[in-house]
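# Summary of the model geometry
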Amino acid sequence: MNAFNSGKENAEKLSYEERKIKIRILALALLGFLISVKSDRYFPLPDHLPEPIFQIILLPYTCLFFAAFIIFIKPGIVGDAHLSPIDRISAVKLTTVIILIFEAMAFILLIVQDLRYALFGYHLNIPIAIFLFACIGASLIYLLIKDASQGLLVLIALAAYTGTYLLSIVSFPLHSQRSDMLPLILSGCQSFLAGMSPYAYHDLLYHPPHQVFTYLPGMWMAYLPAAASGVDLRFINLISMLVSALILAYSANGSRNHSMLLVPVFLLTPYLQYRHEIYLGVLFLILSIVFFLDRNNKWWTSSIASGYALAAYQFVWVIFPFIFKRNTPQLAAAGIKGMRIQFRLRSAWPGSNFMRQRLGCPAACGVGALPPFRMKNPKNCISQTLLCYRSS
């Protein structure tokens, strides 16, 4: 009798965990959808829309976004009465249906992008695009019929993202009037390779002159190999995204709650597919490494990776106190203090090896990466770098 009750409890627990991951998959899909439909200046709204009207329209959109984010973090807040429809479909099939919809969106957005920015040299090869997305769609439909494993779904997602991104690289050149992100990073890398500080004004072709370089050292330094070799910077972003997805999938491998299925939903978000000129792949890779190392209790290496993340993107400054939330309730306050007195941690927290490893090393790495190079004029370089941090 006890064995029967134990088996029943385990079955109910597994069912509850699968239900939670389905809610998370749906919430993540909604977040991806919202980001994708409103992620490119005013599009799909008219460009001449007055700014106050535009901000008012965004209010319900923003509320919906935060609601989806909260549900993703806390799926248990959704009542059982609303869950019966998703119990009829497996988590793998639910994910497959979502990314089928995402691929249709990505295809439409690629065509829209091709038409909107044709004057910048954009030219999408429609037959190749149709063939690529037909292959992706056929593969996903096959998975729906066969109810294949989540590992196979992740592999198809990796192949789909790679094909779509390579198509964008071939079809859409980098143009500063489309987006000045990667062109500005390229200009900064070229200045550094020429022995000058990247933290200066940059004159981009077809763009208003005197663009201010606002990227932190950890971000633009990741693109130095491509800039030095003359390779398209987008290959760095592509490799970063793929490695990030593989790290997350590997971390979730073997989990009984199907958390690996979050990876294809994230990777095939239409925004990440059609916005070929963004630089976020480097950030995702760094955070994935931090997550993997922290999950495996590699405190020192995780701290070093966290320090690099602090020196790569400003938003990491905000989320850093919450990255290691499972270890101490005092981390938020200690993190801020550690950033300010990173070289005095031993006296601030005497005997606390954890605090020195988890806060001191990241803070020191983050601040130490501020002037990561020696120029002909180091004083000017450091002052310009500090100015960038202060203005950002």
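Criteria and thresholds
Residues numbered from 1 in each chain as written. Predicted model: local features only at pLDDT ≥ 70, side-chain atom pairs only at ≥ 80, totals over all residues. Heavy atoms only, no water. Helix = DSSP H or I, 4+ residues; strand = E, 2+ residues; numbered from the N terminus. Buried < 20%, exposed > 50% of the residue type's maximum accessible area, 1.4 Å probe, protein only. Contact = heavy atoms within 4.5 Å. Areas by Shrake-Rupley, 256 points an atom, 1.4 Å probe, with all protein chains shown as cover. Axes fitted to C-alpha atoms, helices over the stretch in contact; angles between N-to-C directions. Parallel < 35°, antiparallel > 145°, perpendicular 65-115°, else oblique. Nonpolar A, V, L, I, M, F, W, Y, C, P; charged D, E, K, R; others polar. Patch = residues over 30% accessible without salt bridge, like charges linked within 9 Å, V, L, I, M, F, W, Y side chains within 5 Å. Salt bridge = Lys/Arg side-chain N within 4 Å of Asp/Glu carboxyl O. Polar contact = N/O pair within 3.5 Å; in protein donor to acceptor, adjacent residues only side chain to side chain. Phe/Tyr/Trp six-rings, centres within 6.5 Å; stacked < 30°, edge-to-face > 60°. Core = buried A, V, L, I, M, F, W, Y, C linked by side-chain atoms within 4.5 Å. Expected span 1.5 Å × (residues − 1). Arc of directions from axis to C-beta.

### A look at the overall build of the protein
- Each helix and strand in the protein was counted, giving 18 helices and two strands.
- By residue count, 47% of the 392 residues in the protein fall in the buried class.
- For the protein, the proportion of contacts with a sequence separation of at least 24, taken over those separated by at least 6, is 75%.
- For the protein, the exposed area adds up to about 20,000 Å²; of that, 67% sits on carbon and sulfur atoms.

### Observations concerning the packing of helix H4 (residues 126-146) against helix H5 (residues 150-171)
- Relative orientation of the contacting elements H4 and H5 amounts to 170 degrees, with a least axis distance of 11 Å. Compared by their axis directions, H4 and H5 come out roughly antiparallel. Contacts between H4 and H5 involve Ile 128, Ala 129, Leu 132, Phe 133, Ile 136, Ser 139, Leu 140 and Leu 143 on the former and, on the latter, Leu 152, Leu 153, Ile 156, Ala 160, Gly 163, Thr 164 and Leu 167.
- Partitioning the contact of H4 with H5 into residue classes produces twelve nonpolar, three polar and no charged.

### What to know about a nonpolar patch on the surface
- Taken together, the side chains of Leu 166, Val 231, Phe 235, Ile 239 and Val 243 present a nonpolar region at the surface, about 370 Å² in accessible area.
- Per-element tally for the nonpolar patch: the top contributor is helix H9 (residues 234-252), with three residues.
- When you line up the elements, Phe 235 lands in helix H9.

### Quick word on the side chain of Arg 275
- As for its position among the elements, Arg 275 is in the loop between helix H11 (270-274) and helix H12 (280-295).
- A distance of 2.3 Å separates a polar atom in the side chain of Arg 275 from a polar atom in the side chain of Glu 277.

### Structural notes on the packing of aromatic side chains
- Applying the stated criterion across every chain, the model contains 14 aromatic pairs.
- On the basis of an interplanar angle of 25 degrees and a centroid distance of 5.6 Å, the ring pair of Tyr 161 and Tyr 165 is categorised as stacked. Highlighted residues: Tyr 161 and Tyr 165, both in helix H5, separated by four residues, approximately one helical turn. Like Tyr 161, the residue Tyr 165 is buried in the burial classification.
- Among the aromatic side chains, those forming a connected cluster through ring pairs are Phe 192, Tyr 199, Phe 213, Tyr 215, Trp 220, Tyr 279 and Tyr 313.

### Digging into the packing of H5 against H9
- Between H5 and H9, the least distance of the axes is 11 Å, while the angle of their chain directions is 170 degrees. Put simply, H5 runs roughly antiparallel to H9. Contacts between H5 and H9 pair Val 154, Leu 158, Tyr 161, Thr 162, Tyr 165, Leu 166, Ser 168 and Ile 169 from the former with Arg 234, Phe 235, Asn 237, Leu 238, Met 241, Leu 242, Ala 245, Leu 246 and Ala 249 from the latter.
- Its residues assigned to classes, the contact of H5 with H9 comprises 13 nonpolar, three polar and one charged.

### Points about the pattern of salt bridges
- The full count for this structure, using the stated rule, is three salt bridges.
- A salt bridge links Arg 178 to Glu 277; its shortest N-O distance comes to 4.0 Å. With Arg 178 in the loop between H5 and helix H6 (181-193) and Glu 277 in the loop between H11 and H12, the pair connects residues that are 99 residues apart, well separated along the chain. The exposure classification of Arg 178 matches that of Glu 277, with both residues buried.
- For Asp 232, the salt bridge is made with Arg 234, and the minimal N-O distance between the two is 2.8 Å.
- You can call Arg 234 buried: its relative accessible area is 2%.
- In the salt-bridge network here, residues are joined through shared partners; they are Arg 178, Arg 275 and Glu 277.

### A look at the environment of Ile 185
- Mapped onto the secondary structure, Ile 185 falls in helix H6.
- Taking relative accessible area as the criterion, Ile 185 reaches 0% and is therefore assigned buried.
- On a C-alpha basis, the gap between Ile 185 and Tyr 223 in space is 7.8 Å, while along the polypeptide they are 38 residues apart.

### Thoughts on the nonpolar core
- Of all hydrophobic cores here, the largest spans 83 residues; its most connected members are Tyr 161, Ile 185, Tyr 223 and Tyr 279.
- When residues no more than four places from it in sequence are discounted, the contact partners of Tyr 279 are Met 181, Leu 182, Ile 185, Tyr 215, Met 219, Tyr 223, Asn 237 and Tyr 313.

### Thoughts on the environment of Ala 200
- You can see Ala 200 is positioned in the loop between H6 and strand S1 (201-202).
- You can call Ala 200 partly exposed: its relative accessible area is 31%.
- Considering only alpha carbons, one finds Ala 200 and Phe 213, 13 residues apart in sequence, at a separation of 6.1 Å.
- Aside from chain neighbours lying at most four places away, what touches Ala 200 is Gln 211, Val 212 and Phe 213.

### Structural notes on H4
- Compared with an ideal rise of 1.5 Å per residue, which puts 21 residues at 30 Å, H4 spans 30 Å between its outermost C-alpha atoms and is within 8% of the ideal.
- Within H4 the residues assigned to the buried category are Ala 129, Leu 132, Phe 133, Ile 136, Gly 137, Leu 140 and Leu 143. The buried residues of H4 all sit within an arc of 125 degrees when viewed along its axis, so they share a single face. Set apart from the buried face of H4 by more than 90 degrees, the exposed residues are Pro 127, Phe 131, Ile 145 and Lys 146.
- Where H4 is buried, its residues meet helix H3 (91-116) and H5.
- Residue Asp 147 follows H4 closely and has a positive phi angle near 50 degrees.

### Brief notes about the environment of Ile 136
- Examined against the element boundaries, Ile 136 turns out to sit in helix H4.
- When the C-alpha atoms of Ile 136 and Gly 163 are compared, they prove to be 9.3 Å apart, with 27 residues separating the residues in sequence.
- Beyond its immediate stretch of four places on either side in the chain, Ile 136 contacts Glu 103, Ala 160 and Thr 164.

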